[in-house]
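The lines below spell out each chain.
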Amino acid sequence: MAWLSAHDVVLEYAGQPVLQGVNLQLDPGDRVGLVGRNGAGKTTLLRLLAGELLPDAGGIERASQLRVGLLHQEQETEANCTSADFASETSPSLWEYTTRSSPARQAEERMRLVQQQLEQHPDDSDYWRQLDEWTSRYEAAGGAGWPAAARSALFHLGFTAADLDRPLAQFSGGQQVRARLARLLVETPDILLLDEPTNHLDLEAIGWLEQFMVQWKGALLVVSHDRLFLDRVVRRIVALENGRTQEYPGNYSHYAQLRAEREQQEQERYEQDQRERARLRAYIDKYRAGNRATMAKSREKWLTRLGDPVTPPPKPSELKVQFPEPLPCGREVLRWRELSVGYDAASPILTGLEGRLDQGQHLALVGPNGAGKSTLLKTIAGLLPPLAGRVKLGVGVRMAYFSQDLSQLPLDQTVLDATLATGRLTGQEEARSLLARFLFRGDAVFAPIHTLSGGEKCRLALLQLMVSGANLLLLDEPTNHLDLPSREALEQALAEWPGTLIVISHDRFFLSRVAQRFLHVENGQGEWVEGGWGTYEHWSADRASVQASSPRHPVPGLVRSSHAAAATVQQKTAAPSRPHPRPPAQELRQLRQQIRAWEERISTLEAEKQDLAKSLEDPQLYKSGDPAAAVRRYEEVGQELDNLYQQWAAAAEQLEPLDRSTPAR
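On a predicted model such as this, the values are computed, not experimentally measured, just so you know.

Hey, could you go over the overall build of the protein for me, with residue numbers and the actual values?
In terms of regular secondary structure, the protein is built from 21 helices and 18 strands. Across the 665 residues in the protein, those meeting the buried criterion constitute 46%. Long-range pairs, those at least 24 residues apart, make up 70% of the contacts in the protein with a sequence separation of at least 6.

Structure below.
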């Protein structure tokens, strides 16, 4: 039996049809991608399936006691997530918000309540039955490991241990969406409905979420512009076109191939129908009054039997981007030396950066959220002064900058006026022709920019970039508001452009098409990776594998993708390493002694944790023991181990270069 199904669903908004007969079915274990142009109704369909909206016609059926979890694109106030959760001064902490609906936590709380009753009524068989029931639910929901699993989800989605006690209201909108995603993963609903889950994630978090979704035991329906995510996670594509759904087997790449083949077949069928009708009409017109009039009448009957003409396949409006040939410039386009960037000289975000970009090179800045990618790009663009070092442009370089918040657009102007203000067009006729290529037609060119949607503003900013005459483009998340066809048009144009480019993007498919060099920034430093996306992915996987094997990463439930060793990757560190000054022998002995003491304590705690885990699986504990105390001790041991791992790792890192220079005695 299907878990959830929609039959001939119709929905109108302000008298306009949004959905005109949608059919969709989700079964246990399904992995489905929902695709369509911006405005096609994807978000509306997710809300209908979640029960937040009711259809005007048709029906939606759900299995009994089905649990459905919906992730909205932005901070939401519907359903299980009230505005008070996010905005009030008394909003819960991140940890409380994420875990309060966890089935394991709820079962654990019920176990404690029942156990309190048993202390007063030890012979009550009903309480023993309840304890057995809640114990079974607790174990099925993850048992004593649920706090670790919850922390793992939060840490992998970009939060830190220090964030757990912060009120939710103190986080940004993007962080709150990530908190909602973590909560959904911890709640483990039967069906996950995810609307752009990768929007606020960095590349590492996206990779972790991919692995998590591959192992997800429930059903999944996801809307995403991340084509690699769709390729690696889903097994079926539902395309929403003109208010109706059409299904395709396989992942996104297979869908794109099948869709292209279908469109080609529809075009050939239309052309064949047109040729046949034209041939019959020509024969009828030629022989209608001659000695072949009988044959002409026969052809007329034949033409009638053909029925209505085949309608031409729809040709949706597509973004047409073509960057002009870049102006000539010197071979060296850009160089930065001993560069430190940030907003406060006392606490720079990135320090000691060295880099050079030559004509025609396409560089991607990558790294975790908050690592300084946008700050570095703004410094290169001249919007922020360097805290130290310098940025030098080459001879003849003309630069243009695309901000991810689209702040470069004059919001008080109309679309047409802003286009003419670039000063690089001959007049309104050329401007309107160019605007039509960017899907601004008719009266849309007179719309004030502040009334445009995010996608429309993005297209206008790209148009201005295209006519700027720049030979160095600095792009900060240029695909954020674009649908898949528009992303594909932009990446095709940039991949073919012979100018110089620096881009920040979380769209890995986009980066695989556009970038040939990568600068990874993290922990205040930068590392160069020479090669395309495949090379960077191998480098990143090898780096993650080394980090995962180090005690400095004690996050439980870590999931990493495994890759074969990459071909040689040329790496240049931000600054040459300097010899470590050697401490006095007494301090060195004390450091080694401290490390040995930590190792002994870690060994003891790891053994205790293993014993506790076994005891928590023993049903006898819940009849004659104190499971609540065992759970608390399990968590205390885990927290102490986390702290010891971090202290041990820091000390071992300090000792390693010293041991290489002089053998330990």
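Let's hear about the sheet that holds strand β7 (residues 219–223): which residues, and what values?
Across the sheet, which stays open at both edges, the 6 strands sit in the order β5-β6-β7-β3-β8-β9 with mixed pairing between neighbours. Among the strands making up the open sheet, the edge pair consists of β5 (68–71) and β9 (244–249). Each strand of the sheet is rotated relative to its neighbour by a mean of 15°, with strand direction disregarded. Of the pairings in the sheet, the one linking strand β8 (residues 236–241) to β9 comprises 6 bridges and is antiparallel in character. Directly across from Glu241, in β9, lies its bridge partner Arg244. Across the face of the sheet, helix α1 (residues 42–50) comes into contact with β3 (31–35), β5, β6 (191–195), β7 and β8 while running at roughly 155° to β6.

Tell me about the pattern of salt bridges, and please be specific about residues and values.
For the structure on display, the rule yields 31 salt bridges. Here Glu133 makes a salt bridge to Arg129, at a shortest N to O gap of 3.4 Å. Taken together, the positions of Glu133 and Arg129, both in helix α5 (residues 125–140) and 4 residues apart, correspond to about one turn of that helix. Its relative accessible area of 45% is what places Arg129 among the partly exposed residues. Measuring nitrogen to oxygen at the nearest pair gives 3.2 Å for the salt bridge that ties Arg513 to Glu491. With Arg513 in helix α17 (residues 508–514) and Glu491 in helix α16 (residues 484–496), this residue pair connects regions lying 22 residues apart in the sequence.

Go over the packing of helix α4 (residues 103–120) against α5 with me, naming the residues and quoting the values.
α5 packs onto α4 with a crossing angle of 160° between their chain directions and a minimal axis gap of 9 Å. Regarding the angle of α4 to α5, the classification is roughly antiparallel. By crossing handedness, the relation of α4 to α5 is classed as left-handed. Contacts between α4 and α5 involve Ala104, Ala107, Glu108, Arg110, Met111, Val114, Gln117 and Leu118 from the first element and Tyr127, Trp128, Gln130, Leu131, Trp134, Thr135, Arg137 and Tyr138 from the second.

I'd love a proper account of the sheet that holds strand β15 (residues 472–476), names of residues and values included.
Think of a sheet as strands paired side by side through backbone hydrogen bonds, with each pair either parallel or antiparallel. Spatial strand order, β14-β15-β16-β12-β17-β18: 6 strands in an open sheet with mixed pairing. Two strands bound the open sheet, and with one partner strand each, they are β14 (399–402) and β18 (525–530). Taken pair by pair, the neighbouring strands of this sheet meet at an average axis angle of 15°, ignoring direction. Strand direction decides the pairing type here: strand β12 (residues 362–366) and strand β16 (residues 500–504), joined by 4 bridges, are parallel. Across the sheet, the residue bridging to Leu363 is Ile502, located in β16. On top of the sheet, helix α12 (residues 373–381) reaches β12, β14, β15, β16 and β17 (517–522); it is set at about 150° to β15, its chief contact.

Describe the nonpolar core, with residues and values.
Counting residues in hydrophobic clusters, the biggest one holds 65 residues, and the most contacted among them are Val35, Leu94, Leu181, Leu192, Leu194, Leu209 and Met213. Not counting the four nearest positions on each side in its chain, Leu94 is found in contact with Leu154, Phe159, Asp163, Leu164, Arg166, Leu168, Phe171 and Ala179. Judged by nonpolar contacts, the second largest core, of 52 residues, contains Ala364, Phe402, Leu435 and Trp497.

Give me the environment of Gly207: which residues, what numbers.
Turning to its location among the elements, Gly207 is positioned in helix α8 (residues 203–214). Gly207 sits 21 residues away from Leu228 along the chain, and the two C-alpha atoms are 9.9 Å apart.

Help me get a handle on the environment of Leu118, residues and values and all.
Along the chain, Leu118 turns up in helix α4. Taking the C-alpha atoms as reference points, Leu118 and Leu131, separated by 13 residues in sequence, lie 9.1 Å from one another. Not counting the four nearest positions on each side in its chain, Leu118 is found in contact with Asp124, Tyr127, Trp128 and Leu131.

Before we move on, can you summarise unusual backbone geometry with the specific residues and values?
Phi at Asn242 is positive, roughly 55°, even though this residue is not glycine. Topologically, Asn242 is positioned in the loop between β8 and β9. Positive phi, normally seen in glycine, also occurs at Leu406, with a value near 60°. In this structure, Leu406 sits in the loop between β14 and α13 (415–420). By relative accessible area, Leu406 is classed as buried at 8%.

Report on the packing of helix α14 (residues 428–437) against helix α15 (residues 454–466), specifying residues and quantitative values.
The description of two helices packed together rests on the angle between their axes and the distance between the axes. Taken N-terminus to C-terminus, the directions of α14 and α15 make an angle of 125°; their axes are 10 Å apart at the nearest point. One element, α14, and the other, α15, form an angle in the oblique class. Here α14 runs over α15; the crossing is right-handed. Here Leu434, Leu435 and Arg437 of α14 come into contact with α15, specifically with Leu460, Leu463 and Met466. For the contact of α14 with α15, the class distribution of residues is 5 nonpolar, no polar and 1 charged.

An account of α15 is requested, with residue identities and associated values reported.
Because each turn of an α-helix spans 3.6 residues, side chains separated by three or four positions end up pointing in the same direction. For α15, built from 13 residues, the straight-helix expectation of 18 Å at 1.5 Å per residue is met to within 8% by its first-to-last C-alpha distance of 18 Å. By the criterion of burial, α15 is predominantly enclosed, with 11 of the 13 residues buried. Among the residues of α15, Gly455, Lys457, Cys458, Arg459, Leu460, Ala461, Leu462, Leu463, Gln464, Leu465 and Met466 are the ones counted as buried. Each element contacted by the buried residues of α15 is listed here: β14, α13, α14, β15 and α16.

Describe the pairing of β17, and please don't skip the residues or the numbers.
Judged by how many residues are buried, β17 sits mostly within the fold: 6 of 6 residues are covered. Residues Arg517, Leu519 and Val521 of β17 are buried on one face, and the alternating residues Phe518, His520 and Glu522, pointing to the opposite face, are buried as well. Pairing of β17 with β18, which is carried by 6 bridges, proceeds in the antiparallel orientation. Bridging across to β18, Phe518 finds its partner in Val529. Linking β17 to β18, which pair antiparallel, is a turn of 2 residues; within it Asn523 sits at a positive phi near 55°.

Cut-offs and rules
- Residues numbered from 1 in each chain as written.
- Predicted model: local features only at pLDDT ≥ 70, side-chain atom pairs only at ≥ 80, totals over all residues.
- Heavy atoms only, no water.
- Helix = DSSP H or I, 4+ residues; strand = E, 2+ residues; numbered from the N terminus.
- Buried < 20%, exposed > 50% of the residue type's maximum accessible area, 1.4 Å probe, protein only.
- Contact = heavy atoms within 4.5 Å.
- Pairing = 2+ DSSP bridges.
- Axes fitted to C-alpha atoms, helices over the stretch in contact; angles between N-to-C directions.
- Salt bridge = Lys/Arg side-chain N within 4 Å of Asp/Glu carboxyl O.
- Parallel < 35°, antiparallel > 145°, perpendicular 65-115°, else oblique.
- Left-handed = near helix turned anticlockwise from the far one by under 90°.
- Core = buried A, V, L, I, M, F, W, Y, C linked by side-chain atoms within 4.5 Å.
- Nonpolar A, V, L, I, M, F, W, Y, C, P; charged D, E, K, R; others polar.
- Expected span 1.5 Å × (residues − 1).

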